[in-house]
Every structure is written in C-alpha cells, then in structure tokens.
Amino acid sequence: MGTKVKAAVIGGTGLYSLDGMELVEEVLPETPWGKPSDTIKIGKIHDKLIAFLPRHGVGHFIMPHEVPMKANICALKILGVEEIVAFSSVGSLREEIKPLDFVLPSQIIDRTRGRESTFFGKGVVAHAPFADPFSQNLSDRINKAAAKVNLPIHQNKTLVCMEGPLFSTRAESHMYRSWGGDIINMSVLPEAKLAREAEIAYQMVCMSTDYDCWRENEEAVTAEMVMANLGKNAENAKKLLSALIPSLGNGDDLSLKNSTKYSIITAPERRNPDTVAKLKVLFPDYL
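Remember, predicted model here, so these are calculated numbers, not experimental data.

## Some remarks on the overall build of the protein chain
Point 1. Looking only at helices and strands, the protein chain features six helices and nine strands.
Point 2. In terms of overall size, the protein chain behaves like a compact globule, its C-alpha atoms giving a radius of gyration of 18 Å where 287 residues would be expected to give roughly 19 Å.
Point 3. Sorting the 287 residues of the protein chain into buried and exposed places 55% on the buried side.
Point 4. The contacts of the protein chain with a sequence gap of at least 6 include a subset with a gap of at least 24, amounting to 81%.
Point 5. Counting only carbon and sulfur atoms, one obtains 51% of the accessible surface of the protein chain, whose full area is about 12500 Å².

Here you go:
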C-alpha cells in the first residue's frame, strides 16, 4: 500500500465505479475498526490520483446502518486523504427540488439511532465542533465544476439523515418539512462526523430520486422508482466528477488540520491505553 492519495470519492447508490480511471492500485486496508465497505480503487483521472470507495459495496450489499463508516474513514486517512466528495441518493422534501436534481447541502438534521458516530470513547473523550458539517471551500469547487458541465445544482439546503432502511411515513415526511428539511437520506451520518474528527474536509453531493411521500397526490416512494432514476443520476455524477477532479487534492482546504488535537479533553494519565493505541493510527502525532 505504497500509494499516497490526497482526494477520495465515496460512491453512493448507483455509483460503484469511476469512468476513465487508470487503475494504479487496489487496497483493502485493515484498520483498528475492521475493513472498509469494499476494495478501495486508487487510480489516475486527468493525471490526478483519486481513491474511490463504494459506500454500500459493489453490488450494493451493505445496509445504510451496517456501513463500516469508521473503517471507511480510517482507511482513507491511512491512504493520506485530505478531502472527500461523497455522493448519495436522496428523497426531496421540496417541490422545487425535482427528481434528477443535484443538491449541495450545508446543514444536517440527525434522525439516526444507535449508530456509533465517534472514534472516541472508552477512556478518551473528545468534542469536535460540528456547527458547519460540510466544507464550504469544497462546496465552492463542486459548484464551479457543475457550472462547467451545465449541471444546475441547489445550494445551502438542509439534509435530514434518517435511520432507515424503510422510507419515511407521511407524518414523518411532513414533520421534516416543518423543521426546514429540504432533502432526506440514510447515509450522511456518521460519515460526516467521522470525517470531521479525522480532519478530512467533506462535502456530500446529493442526487434526488423521488419526492419521498409528503406529496399526497403523488405515489409514495418505492424502490423501483428510485432505481429508475439512479442510472441517470450516476451519468450526471460522472460528468460532474470529470470536471471536478482537476481541482481536488491540491491542498486547498486544510482548515481542519490539527483541529482534533484541541478537541481531546481527557488528561494524558487517565487515557485508556487500548483506545490510545487505536487512535494513534488516525492521529500519530497527538497521543
């Protein structure tokens, strides 16, 4: 595993590969939190090294709540990744966000239950800030790339992350709208929180497949409906990535560098040595 790579793409439902990638290496790193979802492909696109990780595995065999998020983020950190562009299919909670539209969220509402959302605990306490869960710098670059390929993209939207795997009830869907939610998925958490702790700049690109179930005159969301739109969204995602990749991994957003160092509050003499040994894989200089 000699290849160091600065930028990664996490593919969501329907996005299991990258077009035009010249494969350099395939790796499946063992982390203190186990193995990632699937083999990570490291390859060159436009002479830029990119790591690609399919969140649900190639062939989609991992449920949203079963994704080994800690292993995924740790594996990318081990490879040297400094920024992640994560793709996800979402349901729309707003009339103006139509199926097949792309969205750059800026906020998250957490409706997950029982997912482990931190690398810390078990004798080492840390509290990282998460007021702005996404990288504005990365978001700006994605927006410019979208303009280059004439892909309209909604911005500054609120993403609700639900537990799943079933879709929402109509009552829940209306409640999320009343809270100010614009789109809904099952995957952004704890992925975004773990990336923050690991000091990796992170932005999710959301691809709308349906109107969830809040529209009373509309057929409620079904898996068939979602699948029909996934292929079209994947094609647009690949166009967007082709325009975006030259601007990735150039060290443009290092705003999180050393941030976790100041989030660890446990006194050195009280830290659990087993937990410290795991965390050293992520933070060799802090512990």
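## Here's the deal with the environment of glutamate 96
Point 1. Tracing the sequence through the fold places glutamate 96 in the loop between strand 5 (83–92) and strand 6 (102–111).
Point 2. With residues near it in sequence (within four places) discarded, glutamate 96 still touches Asp101, His154 and Lys157.

## Observations concerning the pairing of strand 4 (residues 48–54)
Point 1. Counted residue by residue, strand 4 has six buried out of seven residues, so it is predominantly covered.
Point 2. Relative to strand 4, strand 3 (residues 40–45) runs antiparallel, the two sharing five bridges. Counterpart to glycine 43 in the pairing with strand 4 is isoleucine 50.

## Focus: unusual backbone geometry
Point 1. Cis peptide bonds are those with omega within 30 degrees of zero, and the linkage from glycine 164 to proline 165 qualifies with 0°.
Point 2. Secondary-structure assignment places proline 165 in the loop between strand 7 (153–162) and helix 3 (170–178).
Point 3. The omega torsion across leucine 189 and proline 190 is 5°, close enough to zero to call that bond cis.
Point 4. With respect to the helices, strands and loops of the structure, proline 190 is situated in the loop between strand 8 (183–185) and helix 4 (191–197).

## Some words on helix 2 (residues 136–148)
Think of an α-helix as turning once every 3.6 residues; residues three or four places apart then point the same way.
Point 1. An ideal rise of 1.5 Å per residue puts 18 Å on 13 residues; helix 2 measures up with 19 Å between its terminal C-alpha atoms.
Point 2. Of the positions making up helix 2, those classed as buried are Leu138, Ser139, Arg141, Ile142, Ala145 and Ala146. Buried residues along helix 2 cover an arc of 160° about the axis, so they all sit on one side. Residues of helix 2 that are exposed and angled more than 90 degrees away from the buried face: Lys144, Ala147 and Lys148.
Point 3. Count one or two residues on from helix 2 and you reach asparagine 150, which has phi positive near 55°.

## Examining the side chain of serine 139
Point 1. By the secondary structure assignment, serine 139 is in helix 2.
Point 2. On the basis of relative accessibility, which here comes to 7%, the residue serine 139 falls in the buried class.
Point 3. Once residues within four sequence positions are removed from consideration, serine 139 is found in contact with Leu104 and Gln203.

## Side note on the pattern of salt bridges
Point 1. Applying the stated criterion across every chain yields a total of eleven salt bridges.
Point 2. In this structure, glutamate 116 and lysine 70 form a salt bridge, with 2.5 Å as the shortest nitrogen-oxygen distance. Taken together, the residues span a long stretch of sequence, with glutamate 116 in the loop between strand 6 and helix 2 and lysine 70 in helix 1 (residues 69–78) at a distance of 46 residues.
Point 3. The class of lysine 70 is buried, set by a relative accessible area of 14%.

## Regarding the packing of aromatic side chains
Point 1. This model, assessed by the stated rule, comprises six aromatic pairs.
Point 2. An angle of 90° between the planes, with centres 5.9 Å apart, marks the rings of tyrosine 211 and tryptophan 214 as edge-to-face.
Point 3. The exposure class of tyrosine 211 is buried, given its relative accessible area of 8%.
Point 4. Residue classification places tryptophan 214 among the buried positions, given a relative accessible area of 7%.

## Considerations on the pairing of strand 9 (residues 201–210)
Point 1. Counting buried positions over the ten residues of strand 9 gives ten, a clear majority of the element.
Point 2. Relative to strand 9, strand 5 runs parallel, the two being bridged by nine bridges. The partner of serine 88 across the bridge, within strand 9, is cysteine 206.
Point 3. When strand 6 meets strand 9, the two strands line up antiparallel, connected through two bridges. Pairing of valine 103 across the sheet is with cysteine 206, part of strand 9.

## Section: the nonpolar core
Point 1. Grouped together as the largest cluster of nonpolar side chains are 49 residues, with contacts concentrated most on Leu76, Ile84, Phe119, Val188 and Tyr202.
Point 2. Counting residues per element, this core draws most heavily on helix 1, which supplies five residues.
Point 3. One finds Val9, Leu15, Leu18 and Ile245 within the second-largest nonpolar core, a separate group that totals 27 residues.

Rules of the game
- Residues numbered from 1 in each chain as written.
- Predicted model: local features only at pLDDT ≥ 70, side-chain atom pairs only at ≥ 80, totals over all residues.
- Heavy atoms only, no water.
- Helix = DSSP H or I, 4+ residues; strand = E, 2+ residues; numbered from the N terminus.
- Rg over C-alpha atoms; globule rule 2.2 N^0.38 Å.
- Buried < 20%, exposed > 50% of the residue type's maximum accessible area, 1.4 Å probe, protein only.
- Contact = heavy atoms within 4.5 Å.
- Areas by Shrake-Rupley, 256 points an atom, 1.4 Å probe, with all protein chains shown as cover.
- Pairing = 2+ DSSP bridges.
- Expected span 1.5 Å × (residues − 1).
- Arc of directions from axis to C-beta.
- Salt bridge = Lys/Arg side-chain N within 4 Å of Asp/Glu carboxyl O.
- Phe/Tyr/Trp six-rings, centres within 6.5 Å; stacked < 30°, edge-to-face > 60°.
- Core = buried A, V, L, I, M, F, W, Y, C linked by side-chain atoms within 4.5 Å.

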